[in-house]
Amino acid sequence: MKIPFYDYARMNASEKEYVWPRLEDVLSRSDFILRDDLAQFEIELAKFIDAEEVVGVANGTDAIWLALIAAGVEPGDEVIIPSHTYIATADAVRFVGGIPVLVDCSDDHSISPPAIEEAISTKTRAVIPVNLNGHACELFTISDLAKKNGLTVIEDNAQGLGARLMGKSTGTFGIASTLSFYPAKNLGCYGDGGAVVTNSTEIGKRIRQLRNHGRNDEGEVVTWGFNSRLDNLQAAILSSKLLHLESSIEKRRSLASQYCEGLAGVEQIKLPAPPTQGTDYFDSFQNFEIEAENREELRQHLTKDGIGTILPWAGKAVHEFDLPGTKVMDLSNTNKIFKKIMLLPMNQYLTNDEVDAVIKSIRRFYRHE
Ligand SMILES: *Cc1c(COP(=O)(O)O)cnc(C)c1O
């Protein structure tokens, strides 16, 4: 049995039935830029998240960058982010002239609220909690902390779509949040795509102008801007896939339960919290991130069994890239977990038999049969 980490061909085949007719429909109308499919998708997604407004942009990195600009972050401002994140979060801060302040994570691998508090200086302007792996950060605590210290909160929700904390959707806690529709994300398009989500009419208006050369609704240039629009074709694809998002998340949650039950008792592994009902957290399992002893040997063993795994961010936290212009806080927990973390196959296209094969292979490796 071959189990690749992510099987794009399988994704494509399983969605063909509802995505391809939609493509044909858009192509037959030659509707390419800022058309109805985009406007409709923005409304549908806002409803799904329970947010006022969604503005489609070119990708998830642009989404963070534009949200920072719209929120008024300026050159020299410090922006607190976790070091356990995609380089994109730091890139966005850097390209508004800000200083990425890299802080530690908690035991659940999410940004640590005490570490945020410790990193606050007179220059701190904003904080970007990143809802990694489909798991919400301590967003209520972080919101309170931010309010107390006059900081702007922008959630990087590229991995958190569909996750909730005490019933409240991730992506609705700050002044804005951002999404990525990279193909392997929970809601992925067939290329690059992203969005800014907000409950602020003012931020929504600014993002709409920024993404389209500073133009207002009448097409008049009223401010400086860029070109960062979500393609109408991609919006149509996303719109057809959005109808299946809830069931995809349910499937991921059931596979996560299977992993948690199947790997219980293997003391060399630390698992994420299982997707139990009735708890404060509703995780959408964008990824299944574990901590494993003898990680390199385990990965080799899995590869021999035909099972693909990957390391988060190819194995390096942001501070390990040694880029100039960052401020690095105490990262002891991040450094500790980065020797152990890895991602097991996790997506809605996997079968129970495949997940079972992964579990068996891991148990064999640790002689826990
Ligand atoms: C995927 C991702 C992004 C941005 O993705 P794009 O490839 O630019 O769409 C940003 N942050 C995190 C945490 C991500 O996982």
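These figures come from a predicted structure and were not determined experimentally.

S.K.: Looking at this structure, how should I read the packing of helix H2 (residues 36-49) against helix H8 (residues 232-242)?
M.R.: Helix packing geometry: the angle between the two helix axes and the distance between the axes. Interhelical geometry of H2 versus H8 gives an angle of 40 degrees and a closest axis separation of 8 Å. Seen from above, H2 lies across H8 with left-handed handedness. In contact with Asp36, Asp37, Leu38, Phe41, Glu44, Leu45 and Phe48 of H2, H8 contributes Asn232, Ala235, Ala236, Leu238, Ser239 and Leu242. Residues that form the contact of H2 with H8 fall into these classes: 8 nonpolar, 2 polar and 3 charged.

S.K.: In this structure, what is going on with the sheet that holds strand S14 (residues 341-344)? I would like to understand it.
M.R.: Within a beta sheet, neighbouring strands are joined by backbone hydrogen bonds and run either parallel or antiparallel to one another. Spatial ordering of the open sheet is given by S10-S12-S14, a layout of 3 strands whose pairing is antiparallel. Two strands in the sheet have a free side with no partner beyond their single neighbour: strand S10 (269-270) and S14. Direction of pairing for S10 relative to strand S12 (residues 288-292): antiparallel, over a ladder of 2 bridges. By the bridge assignment for S12, Lys270 is matched with Glu291. Packing against the sheet, helix H10 (residues 295-304) makes contact with S12 and S14, and its axis sits at approximately 20 degrees to S14.

S.K.: So what exactly am I meant to see when it comes to the domain arrangement of the chain here?
M.R.: Frequently, the measure chosen for interface size is the accessible area that the parts lose on association. Its domain assignment divides the chain into domain 1 (8-242) and domain 2 (246-365). Just the C-alpha atoms count here: the centres of domain 1 and domain 2 sit 24 Å apart. Between domain 1 and domain 2, the contact holds 45 residues from the first and 41 residues from the second. Per-residue buried area on domain 1 facing domain 2 is highest for Leu102, Asn133 and Asn186; these three make up 18% of the total on that side.

S.K.: Is there a simple way to think about the pairing of S14 in this case?
M.R.: It is a general feature of regular strands that their side chains alternate between the two faces of the sheet. Where burial is concerned, the two faces of S14 agree: the one with Ile341 and Leu343 and the one with Met342 and Leu344 are both buried. Bridge analysis of S12 against S14 gives 4 bridges, and the strand direction is antiparallel. Paired with Ile290 across the two strands is Met342, which belongs to S14.

S.K.: Sorry, what's going on with a nonpolar patch on the surface here?
M.R.: A cluster of nonpolar residues, Leu27, Phe32, Ile33 and Leu34, forms a patch on the protein surface that exposes about 350 Å² of accessible area. Its place among the elements puts Ile33 in the loop between helix H1 (8-29) and H2. The exposure class of Ile33 is partly exposed, given its relative accessible area of 43%.

S.K.: What is the right way to read helix H4 (residues 87-94) from this model?
M.R.: Listed as buried for H4 are Ala88, Thr89, Ala90, Ala92 and Val93. Buried positions along H4 lie against helix H3 (60-70), strand S2 (78-82), strand S3 (99-103) and strand S5 (152-156).

Calculation rules
- Residues numbered from 1 in each chain as written.
- Predicted model: local features only at pLDDT ≥ 70, side-chain atom pairs only at ≥ 80, totals over all residues.
- Heavy atoms only, no water.
- Axes fitted to C-alpha atoms, helices over the stretch in contact; angles between N-to-C directions.
- Helix = DSSP H or I, 4+ residues; strand = E, 2+ residues; numbered from the N terminus.
- Left-handed = near helix turned anticlockwise from the far one by under 90°.
- Contact = heavy atoms within 4.5 Å.
- Nonpolar A, V, L, I, M, F, W, Y, C, P; charged D, E, K, R; others polar.
- Pairing = 2+ DSSP bridges.
- Domains from an automatic or database assignment.
- Buried area = accessible area lost by both parts, 1.4 Å probe.
- Buried < 20%, exposed > 50% of the residue type's maximum accessible area, 1.4 Å probe, protein only.
- Patch = residues over 30% accessible without salt bridge, like charges linked within 9 Å, V, L, I, M, F, W, Y side chains within 5 Å.
- Areas by Shrake-Rupley, 256 points an atom, 1.4 Å probe, with all protein chains shown as cover.
- Salt bridge = Lys/Arg side-chain N within 4 Å of Asp/Glu carboxyl O.

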